[in-house]
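Structural description and commentary
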Amino acid sequence: MVKKDRKKLLRDHPEFSAWIQQHPDRVKTVRRNPASIQQMFSEWQTANQRKRLFTSFDFGQLASKARRISEVLENMNAVMGMMAEVEAAKKQNN
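Just so we're clear, the structure is a prediction, and the values are computed from it rather than from any experiment. (Residues numbered from 1 in each chain as written. Predicted model: local features only at pLDDT ≥ 70, side-chain atom pairs only at ≥ 80, totals over all residues. Heavy atoms only, no water.)

This part covers the nonpolar core. The tendency in soluble globular proteins is for nonpolar side chains to be buried as a group. Residues Leu9, Phe16, Ile20, Val30, Ile37, Met40, Phe41 and Trp44 constitute the largest nonpolar core, which totals eight residues. Elements that contribute at least two residues to this core include exactly helix H2 (14–22) and helix H4 (36–55). Ignoring anything within four residues of it in the chain, the contact list for Phe16 reads Leu9, Leu10, Ile37, Met40, Phe41 and Trp44. (Core = buried A, V, L, I, M, F, W, Y, C linked by side-chain atoms within 4.5 Å. Buried < 20%, exposed > 50% of the residue type's maximum accessible area, 1.4 Å probe, protein only. Helix = DSSP H or I, 4+ residues; strand = E, 2+ residues; numbered from the N terminus. Contact = heavy atoms within 4.5 Å.)

All right, on to the confidence of the model for the chain then. Looking at the chain as a whole, its pLDDT mean stands at 87, while 91% of the residues score no less than 70. The secondary-structure element of the chain with the lowest mean pLDDT is H4, recorded at 80, while helix H5 (residues 59–93) shows the highest, at 93. (pLDDT = per-residue confidence, 0-100.)

Turning our eyes to something else, we now look at the environment of Phe59. Looking at the secondary structure, you find Phe59 in helix H5. Taking relative accessible area as the criterion, Phe59 reaches 57% and is therefore assigned exposed. Counting along the chain gives 50 residues from Phe59 to Leu9, while the straight-line C-alpha distance between them is 34 Å.

What follows is the structure, encoded as structure tokens:
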């Protein structure tokens, strides 16, 4: 990978650039062997994809929707129970 391509890679992916700069060992590795940046980029992408997979689920939102569904079903059961009571009362009066 030529210098121009490495600079473009870092410029196009500022999160990757910040990831490299977080650890001095990574910076040293890139300075010693600039070609290693491509391998580091693929590692970073793999790690980032795993994180996105789990962060895409908002468990709080899912729990809130599950609670709402439960409330709706409880209300529906209550209405069905009242309707059954009314029907039973009509049959007893007849």
